[in-house]
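# Structural characterization, general
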Amino acid sequence: MDYLTLAEAYEKIEATRSRLEMADLLVELLRQVPVDEVEMVILLTQGKLAPDFKGVEMGIAEKLALKAIYEATRVNETEIQKLWLRDGDLGNVAFEAVSRKKQTSLFTEHLSVKMVFRNLEQIAGSSGAGSQDMKLKLLAKMMHDSSPVEAKYIARTLAGKLRLGIADMTLIDALAIAYASKEERDAIERAYNTCSDLARVATILAGDGLGGLENIKLEVGIPLRAMLAERLPGIPEILEKLGGKCAFEYKYDGLRIQAHIRKDKIQLFTRQLEDVTGQFPDLVEILGKSFKGKAAVLEGECVPVDINTGEMLPFQTVSKRRGRKYELTSAVTEYPVMLYLFDCLYLEGGDLTQTPYTNRRKMLKKCIKETERVKLAEVLITDDAEEAEEYFRKVIGKGGEGIMAKSLAPDSYYRAGSRGWNWIKFKRDYKSEMNDTVDLVVVGAFSGKGRRAGNYGALLMATYNPERGIFETVTKLGSGFDDAMLALLPELLDTHKTDKVHRLVDSKMQADYWFEPSVVLEVKGAEITLSPIHTCGWELVRKNSGLAIRFPRYTGKVRQDKPAEEATSTDEMLAMYEMQAK
Ligand code: ATP
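Note that the structure is predicted; figures quoted are calculated from it, not measured.

The rules behind these values
Residues numbered from 1 in each chain as written. Predicted model: local features only at pLDDT ≥ 70, side-chain atom pairs only at ≥ 80, totals over all residues. Heavy atoms only, no water. Buried < 20%, exposed > 50% of the residue type's maximum accessible area, 1.4 Å probe, protein only. Helix = DSSP H or I, 4+ residues; strand = E, 2+ residues; numbered from the N terminus. Pairing = 2+ DSSP bridges. Near = heavy atom within 4 Å. Polar contact = N/O pair within 3.5 Å; in protein donor to acceptor, adjacent residues only side chain to side chain. Areas by Shrake-Rupley, 256 points an atom, 1.4 Å probe, with all protein chains shown as cover. Nonpolar A, V, L, I, M, F, W, Y, C, P; charged D, E, K, R; others polar. Domains from an automatic or database assignment. Salt bridge = Lys/Arg side-chain N within 4 Å of Asp/Glu carboxyl O. Contact = heavy atoms within 4.5 Å. Buried area = accessible area lost by both parts, 1.4 Å probe. Arc of directions from axis to C-beta. Axes fitted to C-alpha atoms, helices over the stretch in contact; angles between N-to-C directions. Parallel < 35°, antiparallel > 145°, perpendicular 65-115°, else oblique. Left-handed = near helix turned anticlockwise from the far one by under 90°.

The buried count for strand E13 (residues 456–465) comes to ten of ten residues, which makes it a mostly enclosed element. Looking at chain direction, strand E12 (residues 438–447) and E13 are connected through six bridges and run antiparallel. Looking at the pairing, Val442 lines up with Met461 of E13. The antiparallel hairpin formed by E13 and strand E14 (residues 470–477) contains four residues in its connecting segment, where Gly469 sits at a positive phi of about 65°.

What follows deals with the pairing of strand E2 (residues 246–251). Here E2 lies mainly inside the structure; six of its six residues are buried. As defined by bridge partners, E2 adjoins strand E9 (residues 379–382) across four bridges and the pair is classed as antiparallel. Note on E9: the bridge partner recorded for Phe248 is Leu380. Pairing of E2 with strand E10 (residues 402–406) involves five bridges; the strand directions are antiparallel. Bridge pairing in E10 places Lys251 opposite Gly402.

Before going further, it helps to spend a moment on the site of the ligand. Taken together, 19 residues are adjacent to the ligand, and Lys251, Arg271, Glu301, Arg419 and Lys425 come closest. Separating an oxygen atom of the ligand from a side-chain N or O atom of Arg419 is a distance of 2.7 Å. Note that an oxygen atom of the ligand is positioned 3.3 Å from one of the side-chain N or O atoms of Lys562. Compared with its free state, where it exposes 610 Å², the ligand has 93% of that area covered by protein. For the shell around the ligand, the elements supplying multiple residues, two or more each, are E2, E10 and strand E11 (419–427). The element best represented in the shell around the ligand is E11, accounting for four residues. Across the shell around the ligand, the residue classes break down as six nonpolar, no polar and 13 charged. Here the shell around the ligand spans two domains, since at least three of its residues come from each of domain 2 (228–426) and domain 3 (438–581).

The full count for this structure, using the stated rule, is 36 salt bridges. A salt bridge links Glu79 to Lys82; the shortest N-O distance between them is 3.4 Å. Pair noted here: Glu79 and Lys82 are both in helix H5 (residues 77–87), with a separation of three residues, about one helical turn. Exposure remark for Glu79: the relative accessible area of 26% places this residue in the partly exposed category.

In many analyses, interface size is given as the accessible surface area lost on bringing the parts together. Looking at the assigned domains, one finds that the chain contains domain 1 (48–159), domain 2 (228–426) and domain 3 (438–581). Taking only C-alpha atoms, the centre of domain 2 and the centre of domain 3 are 30 Å apart. Across the boundary between the two partners, domain 2 contributes nine residues, which contact nine residues of domain 3. Summed over both partners, the interface of domain 2 with domain 3 comes to about 940 Å²; 48% of that surface belongs to carbon and sulfur atoms. Applying the counting rule to domain 2 against domain 3 returns three salt bridges. The salt bridge partner of Arg231 is Glu572, with a shortest N-O separation of 2.6 Å. Between domain 2 and domain 3 we count two residue pairs in polar contact (both at pLDDT 80 or more) in total. Each residue belonging to the side of domain 2 that touches domain 3 can be placed in one class, and the counts come to three nonpolar, two polar and four charged.

Turn by turn, an α-helix covers 3.6 residues, leaving residues three or four places apart pointing in a common direction. Regarding helix H14 (residues 281–290), the residues found buried are Asp282, Leu283, Ile286, Leu287 and Ser290. Burial along H14 is one-sided: seen end-on, the buried residues are contained in an arc of 125°.

So, about the packing of helix H8 (residues 131–145) against helix H9 (residues 148–158). At a minimum axis separation of 8 Å, H8 and H9 run at an interaxial angle of 155°. Considering the angle they form, H8 stands roughly antiparallel to H9. Every pair of crossing elements has a handedness; the one defined by H8 and H9 is right-handed. Judged by residue contacts, Leu139, Met142, Met143 and Asp145 of H8 engage Glu150, Ala151, Ile154, Ala155 and Leu158 from H9. Residue composition of the contact of H8 with H9, by class: seven nonpolar, no polar and two charged.

Now for the sheet that holds E2. Judged by pairing direction, the sheet is mixed, and its five strands sit side by side in the order E1-E11-E10-E2-E9 without closing on themselves. The strands lining the two open edges of the sheet, one partner per strand, are strand E1 (228–231) and E9. Taken pair by pair, the neighbouring strands of this sheet meet at an average axis angle of 35°, ignoring direction. As paired elements, E10 and E11 share five bridges and run antiparallel to each other. Pairing of Gly402 across the sheet is with Lys427, part of E11. Docked against the sheet, helix H17 (residues 357–367) engages E2, E9, E10 and E11, running at close to 50° with respect to E2.

As structure tokens, then:
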């Protein structure tokens, strides 16, 4: 397939904000793709070269990219620099430069999807001596052979900023319509939740149809998408929802880890399926010593501990370990961690996700020898609300953030990739006025005044509405930032700047700056109110009103582990509003 077909489809997708229309455009595109190119098309559309857990980094030094654009087009270098400074979007620079290209050479080659994909792979995969030169040549050649639209999307993909705004769920809708039927979308989503690789699911679907998906099985080494919890405001409500009796587990506040264990290899993935094995060599070692079997997939929370007292430390301490490549040895001794295991999804060749919680817990107990550093999550099974309340108080007393209630029903399966009532979280904050902290996405900002002059003064925050595929504003956040965080804001936000409100953002407010929805911050508010200026859950409660958070405060946590689409959803806000009203 021609890369031009793909680039033109991207152009149309970018012009719409309707999830339905996006899905239709994708269907139209997918129907033209030969089976052996489906994988590449899906990956390119996601702006990737491999599924996330493989850790293939896209990205190119901007200087090199600008040089390649110059070599390909011979548009004056200062002009190119000017274009770059205008909005910092390599795609727009490439588009303009290729449009203004001086001479059209006779020796241009038609770009195919295959060719572009292979070239991008080569560029991303090369390092060391001579690699810069090779990258420059490959990119310049592609730019030379590109039309303006092609150049735009190649440059954006390479910069790791494709920004098409297609949520996974929209892509799944499109796959269902293109290769099966709307009614079969759940089966496709299940396959995706099991292998976390939409390109693989799409290829099987396009080649072998729905039946082929049965071959997608849980495998050690391939992470599955994490199961998530619902929330309720009180223990009696939780017991009622879970049939009168359930397991209450200690809710640890750390980093969720999915451990894939084989005899000769242990791999650790985060909730975002990022492979963090390299950052936790100590965890690999202690887990290796505790595990008594041959192969397993286990889930738990990695918690930092004080070396002197053995007490659990705040979650932020773990993040000091992340992203440190060079100081790993000192980090391992300075910030030691423990692992509290709470689930067993696979053991010795058997997929346990479709067996009930009690059975999975039994298997977990069987395969793990508890040590100082590896333990099973604490649990209390009861039907007595009083006893559970007391347990909750005990957890809080020890500095824990709450409890996780887990269903004991025969169908209390591990539902990968979905938020369901088999797990219900109950946190300390639920007892205060606004239930729980929320994770909101920065979509805009206002210029600072007084001490904050010259910097951002307040941020415009949004929830995500997956039904619309749109971010809806919910509050203006100005407090809770210390000087260090204020100074860090430009670094955190500026690479996401857009020149107007992002097309996936619904805002009635006029901000001074706009951002692509990307950075997620944890926020604690006092109360949820109705507001005529915020678009979150617009008119779901009352005409001409949305939901808004009063007196929001930044808690100090940047949720680097959450992509924007996993921020607090509009539905969750609505549920919290209703809970509060009760
Ligand atoms: P969510 O994961 O629901 O989107 P979140 O990331 O803000 O929300 P919390 O609301 O704090 O997280 O609660 C869920 C997280 O709690 C899990 O993802 C897991 O990392 C952690 N956790 C701690 N202890 C347990 C436990 N015993 N069982 C399950 N999860 C636990």
